[in-house]
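The chain contents come next:
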Amino acid sequence: MYAQMVKSTGTGVKSREEMSPEEAAFQARIDAGEKIEPKDWMPEGYRKTLIRQIGQHAHSEIVGQLPEGNWITRAPTLERKAILLAKVQDEAGHGLYLYCAAETLGVSRDEMTEMLLDGRMKYSSIFNYPTLTWADMGAVGWLVDGAAIMNQVPLQRTSFGPYSRAMIRVCKEESFHQRQGFDIMMKMAKGNAQQKAMAQDALNRFWYPALMMFGPSDKDSVHSAQSMAWRIKMNTNDELRQKFVDQTVPQAEFLGLSVPDENLKWNEEKGGYDFSEPDWEEFFEVIKGNGPCNTDRLAARNKAWDDGAWVREGLMAHAEKKRARKMAAE
Amino acid sequence: MAREAAFYEFLLRMGDNTLILGHRVSEWCGHAPVLEEDIALANTALDLIGQTQMWLGLAAEVQGAGKTADDLAFLRDAWDFRNLLLVEMPNGDFGQTLMRQFLFDAWHVLQLRALTASSDDRVAAIAAKAVKEATYHLDRSAETVIGLGDGTEESHARMQAALDYLYPYVGEMFLSDAVDAALVEAGIAPDPAALRAEFDATLARVLSEATLTLPAANRARGGGRNGKMHTEHLGHLLTTMQWMQRAYPGATW
């Protein structure tokens, strides 16, 4: 998933007694597993939280094109180049579905884009890390898409209809992304010494940033409790992080690569691995804008938007002329 | 010219066009003016790289030296490339990229359509698949050229500048040499000059709708499809594209 630390409005989950009749009816629908559709009544907080979350997710898909786009022109074979192009194209498509889902809540794509470009809206911290070697294309697919899937699979059951349907389409493509990433890693891990070193280096650099994708522990967070009550968030950050580690460690072993955590140990009692927390101070710095690539990523998106202004204006002016000519002819 | 040698040259010409243009278009990834254009550009690049795999795959087979399409793409130097100069020209702004695409697509569709009747079944099969993609590319690039040409004052000026810059490279598409003569003789490919009239008609129609003016026809700038004189741009493109294969020789990816 690509949404972290999404703030919900309000101060916590209201009890039934505190809810208005409308709120109580709304919560009852959610509890019964019904989907909420755009024209249905919804609490303002639900709408706002969803806009933040879906918007952040959409922006992550868009900014997420950059670290992988960085290697399309240097892909080592024609097949790898084609696969990577297809993957990045999918991501732009995911951005499109998600913006459409958010638009049903009354915010336009242009408004959301402006908010991304001036820093009012966020995107996932992971895309503020650089892709330095070809192995990073493997690590991004394997770890980053792998972590994203952990979150997106349960979100297929989220309470907001358009978001849930967007997630169903996204998930189908994401599993292909993760497989292609793992396949790149496998080729490299079984390749020559240089390739193997590159693969290990990519794992070393992406491991902790991937763990950060789930966000800090949210057991005490009022925002998470409200989002979970609304079924906008389906699992706690810690549950998903644990699941991700348990799934990924055996894959790393299969590749013959070592996870960069000396505290990593199977815990028989809990039936999962014990592992080290990522450096949360680093995480908060990245969120604040002080990660390795924040400035460059936002600058690239701003440049694309500014340089493209004449194209958008030109095409709109043409559409307008065409309409005027058609009306004059009628 | 011997038939096999001419055939190999022809396959390189087809495959290098799509390889180099596909690469150029892929440079846009993540930087397009709107999301729909990011998707469309990636899609175009993807089609072109797919066509490259087929053309260069067949070239390697015809060459018979045990090479692969990847060897041809990543391990030849600039003088061995046989693409039109047009496709190696830099992206420039979005208008220049789409004008380059339109000029190429308008020729590519005619070429592929003719190749579907090639005496060589393998060529005809590749062309039959590629012509569907190219037709779609032409619809889109022509529509964009029209939209931006007949848009605002600024978009019009930018599209006219792009056309003025790129038009001198159009003539190369229609130059014939000994390779072409051998291919025509064998019924493999059409005479390039034979495609000119229909190409000019497409151009006239689209440019008029786009309110753009065709520049005066200067001497055609050639040297790409025969490899005699590429532009300075190609070397830089290859430096990026071939870097992995050059830096880690023999590794599999």
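One can find the structure itself at the top, above this paragraph.
Residues numbered from 1 in each chain as written. Chains lettered and ligands numbered in written order. Predicted model: local features only at pLDDT ≥ 70, side-chain atom pairs only at ≥ 80, totals over all residues. Heavy atoms only, no water.

1. Remarks on the interface of chain B and chain A
Counting from both sides, the interface comprises 48 residues of chain B and, opposite them, 48 residues of chain A. Across the contact surface, chain B and chain A share 3 salt bridges. Among the ionic pairs, Lys321 of chain A bridges to Asp150 of chain B, the shortest N-O distance being 3.2 Å. Scanning the region where chain B abuts chain A turns up 14 residue pairs in polar contact (both at pLDDT 80 or more). (Contact = heavy atoms within 4.5 Å. Salt bridge = Lys/Arg side-chain N within 4 Å of Asp/Glu carboxyl O. Polar contact = N/O pair within 3.5 Å; in protein donor to acceptor, adjacent residues only side chain to side chain.)

2. Topic: the environment of Pro43 of chain A
Residues and elements named next belong to chain A. Along the chain, the position of Pro43 falls in the loop between helix H1 (21-31) and helix H2 (44-63). Residue Pro43 is classed as buried on the basis of its relative accessible area, which comes to 9%. Those residues in contact with Pro43 that lie beyond four places of it in its chain are Phe26 and Trp230. (Helix = DSSP H or I, 4+ residues; strand = E, 2+ residues; numbered from the N terminus. Buried < 20%, exposed > 50% of the residue type's maximum accessible area, 1.4 Å probe, protein only.)

3. Description of the pattern of salt bridges
Residue and element names in this part refer to chain A. Evaluated as defined, the whole model comprises 37 salt bridges over all chains. The salt bridge partner of Lys270 is Asp274, with a shortest N-O separation of 3.0 Å. Judged by its relative accessible area of 30%, Asp274 is partly exposed. When salt bridges that share partners are traced, they join Glu68, Lys87, Glu91 and Asp145 into one network.

4. Describing the nonpolar core
Trp134 of chain A together with Phe10, Met99 and Phe102 of chain B are the most contacted members of the largest nonpolar core, which totals 149 residues. Once residues lying within four places of it in the same chain are set aside, the contact partners of Phe10 of chain B are Gln111, Leu115, Val123, Val179, Leu183, Ile188 and Ala189 of chain B. Grouped together as the second largest cluster of nonpolar side chains are 33 residues, Met42, Ile62, Leu105 and Ile232 of chain A included. (Core = buried A, V, L, I, M, F, W, Y, C linked by side-chain atoms within 4.5 Å.)

5. Here we look at the layout of surface pockets
Residue and element names in this part refer to chain A. Empty space within the largest pocket amounts to approximately 600 Å³. Gln4, Met5, Val6, Lys7 and Gln56 are, among the 27 residues lining the largest pocket, the residues nearest its centre. Listing elements by their share of the lining of the largest pocket, those giving two or more residues are H2 and helix H9 (222-229). Of the residues assigned to the lining of the largest pocket, the class counts are 10 nonpolar, 11 polar and 6 charged. (1 Å grid on protein atoms, 1.4 Å probe; cavity = no way out; pocket = protein on both sides within 12 Å on 5 of 7 lines; lining within 4 Å. Points joined across faces, edges and corners; volume = space filled by probe spheres on them. Nonpolar A, V, L, I, M, F, W, Y, C, P; charged D, E, K, R; others polar.)

6. Some points on empty space enclosed by the protein
Residues and elements named next belong to chain B. In this structure the tally under the stated criterion is 5 cavities of 30 Å³ or more. In this structure, the largest cavity encloses a volume near 140 Å³. Taken together, 14 residues form the lining of the largest cavity, with Arg13, Trp107, Gln111, Asp180 and Arg225 sitting closest to its centre. For the lining of the largest cavity, the secondary structure elements donating two or more residues are helix H1 (3-26), helix H5 (94-115) and helix H8 (178-186). With 4 residues, H1 is the single largest residue contributor to the lining of the largest cavity. What the second largest cavity holds in volume is close to 60 Å³. Contributing elements (two or more residues each) for the lining of the second largest cavity: helix H2 (35-63), H5 and helix H6 (121-149). Counting residues per element, the lining of the second largest cavity draws most heavily on H5, which supplies 4 residues. Class assignment of the residues belonging to the lining of the second largest cavity gives a composition of 3 nonpolar, 5 polar and 2 charged.

7. Thoughts on the side chain of Glu172 of chain B
Residue and element names in this part refer to chain B. Counting through the fold element by element, Glu172 comes out in the loop between helix H7 (153-166) and H8. For the buried residue Glu172, which engages in no salt bridge, the nearest side chain bearing the opposite charge is Arg225, 5.5 Å off. Looking at Glu172, its side chain comes within polar contact range of the main-chain nitrogen of Gly223, at 3.3 Å. Apart from the residues lying within four places of it in its own chain, the contact partners of Glu172 are Leu84, Leu85, Ala220, Arg221, Gly222, Gly223, Gly224 and Arg225. (Lys, Arg positive; Asp, Glu negative; His and termini not counted.)

8. Considering the environment of Gln242 of chain B
All names here are of chain B. Note on placement: Gln242 falls in the loop between helix H10 (233-241) and helix H11 (243-247). Taking the relative accessible area as the measure of exposure, Gln242 reaches 4% and is therefore buried. As for Gln242 and Leu75, which are separated by 167 residues in sequence, their C-alpha atoms are 7.0 Å apart. Beyond its immediate sequence surroundings of up to four residues, Gln242 is in contact with Ala73, Phe74, Leu75, Arg76 and Phe81. Within the structure, Gln242 has its side chain in polar contact with the backbone oxygen of Arg76 (distance 2.8 Å).

9. Thoughts on helix H3 (residues 65-72) of chain A
Most of H3 of chain A sits inside the fold, with 7 of its 8 residues counted as buried. Along H3 of chain A, the residues that are buried comprise Gln65, Leu66, Pro67, Glu68, Gly69, Trp71 and Ile72 of chain A.

10. Details of the packing of H1 of chain B against H8 of chain B
Residues and elements named next belong to chain B. Remark: H1 packs on H8, axes separated minimally by 9 Å, with the N-to-C direction vectors making an angle of 105°. As summarised for this structure, H1 and H8 are arranged roughly perpendicular, according to the angle between their axes. On the side of H1, the interface is formed by Arg3, Ala6, Phe7, Glu9, Phe10 and Arg13, while H8 contributes Val179, Asp180, Ala182, Leu183 and Ala186. For the contact of H1 with H8, the per-class residue count stands at 7 nonpolar, no polar and 4 charged. (Axes fitted to C-alpha atoms, helices over the stretch in contact; angles between N-to-C directions. Parallel < 35°, antiparallel > 145°, perpendicular 65-115°, else oblique.)

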